[in-house]
Amino acid sequence: MNIKRFYKTQRELALALNSIVDAYWQDEVDEATLFKNVQDIYTNNPDKVLKNGDFTTVLRQQCGKRRLVVVERILQMNGLLQDDSSSTSHGGYQ
């Protein structure tokens with residue numbers, strides 16, 4: 001799996017997140033790798049992940065609810081996303 005740190009478009013970023021989460025669900029990568037990759041992607045591309053405290057429309061369309069719940073939880077657990085500014089608190093995913 002080839003994961004870049006910086007992405008040109010939100011679609012490329014969404015495909016990377018999809019591949020990371022799917023690889024974890026298929027037991028192809030461990031939890032530490034999942035956490036590190038998601039954190040690196042968010043840290044280096046925050047404007048392509050969130051807009052006004054919610055996931056961008058492109059990410060919501062391309063990744064889907066279940067993957068974004070995983071991404072959101074990883075970001076919350078590592079202090080990169082506040083619980084009260086998350087998409088679930090806005091009624092977006094539950």
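This write-up is about the structure you can find in this document. Quick caveat: nothing in here was measured; it's all calculated off a predicted structure. (Residues numbered from 1 in each chain as written. Predicted model: local features only at pLDDT ≥ 70, side-chain atom pairs only at ≥ 80, totals over all residues. Heavy atoms only, no water.)

### Remarks on the overall build of the protein chain
As a reminder of what qualifies: The numbering of helices and of strands both runs from the N terminus, where a helix is a DSSP run of H or I of at least 4 residues and a strand a run of E of at least 2. Relative accessible area decides the class of each residue, using a 1.4 Å probe on protein chains only: under 20% of the type maximum gives buried, over 50% gives exposed, and in between gives partly exposed. Contacts are assigned to residue pairs with any non-hydrogen atoms lying within 4.5 Å of each other. All accessible areas in this document rest on Shrake-Rupley with a 1.4 Å probe, and a residue is counted as covered only by the protein chains that are shown.
The helix and strand tally for the protein chain stands at five helices and two strands. Out of the 94 residues in the protein chain, the part that is buried amounts to 40%. Of the contacts formed within the protein chain by residues at least 6 apart in sequence, a portion of 60% connects residues at least 24 apart. Carbon and sulfur atoms form 45% of the exposed surface of the protein chain, whose accessible area is close to 5600 Å².

### So, the pattern of salt bridges
Counted only if it meets this: Here, a salt bridge means any Lys or Arg side-chain nitrogen found within 4 Å of an Asp or Glu carboxyl oxygen.
Scanning all chains against the criterion turns up four salt bridges. Across the salt bridge formed by Asp40 and Lys36, the nearest N and O atoms sit 2.7 Å from each other. Of the two residues, Asp40 and Lys36 both sit in helix 2 (residues 31–44), four residues apart, roughly one turn of that helix.

### Section: the nonpolar core
Defined as follows: Throughout this description, the term nonpolar core refers to a set of buried Ala, Val, Leu, Ile, Met, Phe, Trp, Tyr and Cys residues connected via side-chain atoms within 4.5 Å.
Grouped together as the largest cluster of nonpolar side chains are 23 residues, with contacts concentrated most on Leu17, Leu34, Val38 and Leu59. If you list the elements that add at least two residues to this core, you get helix 1 (10–25), helix 2, helix 4 (57–63) and helix 5 (65–77). Setting aside residues up to four positions removed in sequence, Val38 forms contacts with Leu17, Ile20, Val71, Ile74 and Leu75.

### With respect to the packing of helix 1 against helix 5
Threshold: Where helices are involved, their axes are fitted lines through C-alpha atoms of the stretch in contact, as for all axes, and angles between N-to-C directions lie from 0 to 180°. An angle below 35 degrees is treated as roughly parallel, one above 145 as roughly antiparallel, one from 65 to 115 as roughly perpendicular, and anything else as oblique. Any residue outside Ala, Val, Leu, Ile, Met, Phe, Trp, Tyr, Cys, Pro, Asp, Glu, Lys and Arg is labelled polar, Gly included; the first ten of those are nonpolar and the last four are charged.
One way to put it is that helix 1 packs onto helix 5 with a least axis distance of 10 Å and a crossing angle of 90°. Here helix 1 is positioned roughly perpendicular relative to helix 5, judged by the angle of their axes. On the side of helix 1, the interface is formed by Leu17, Asn18, Val21, Asp22 and Trp25, while helix 5 contributes Arg66, Arg67, Val70 and Val71. Each residue belonging to the contact of helix 1 with helix 5 can be placed in one class, and the counts come to five nonpolar, one polar and three charged.

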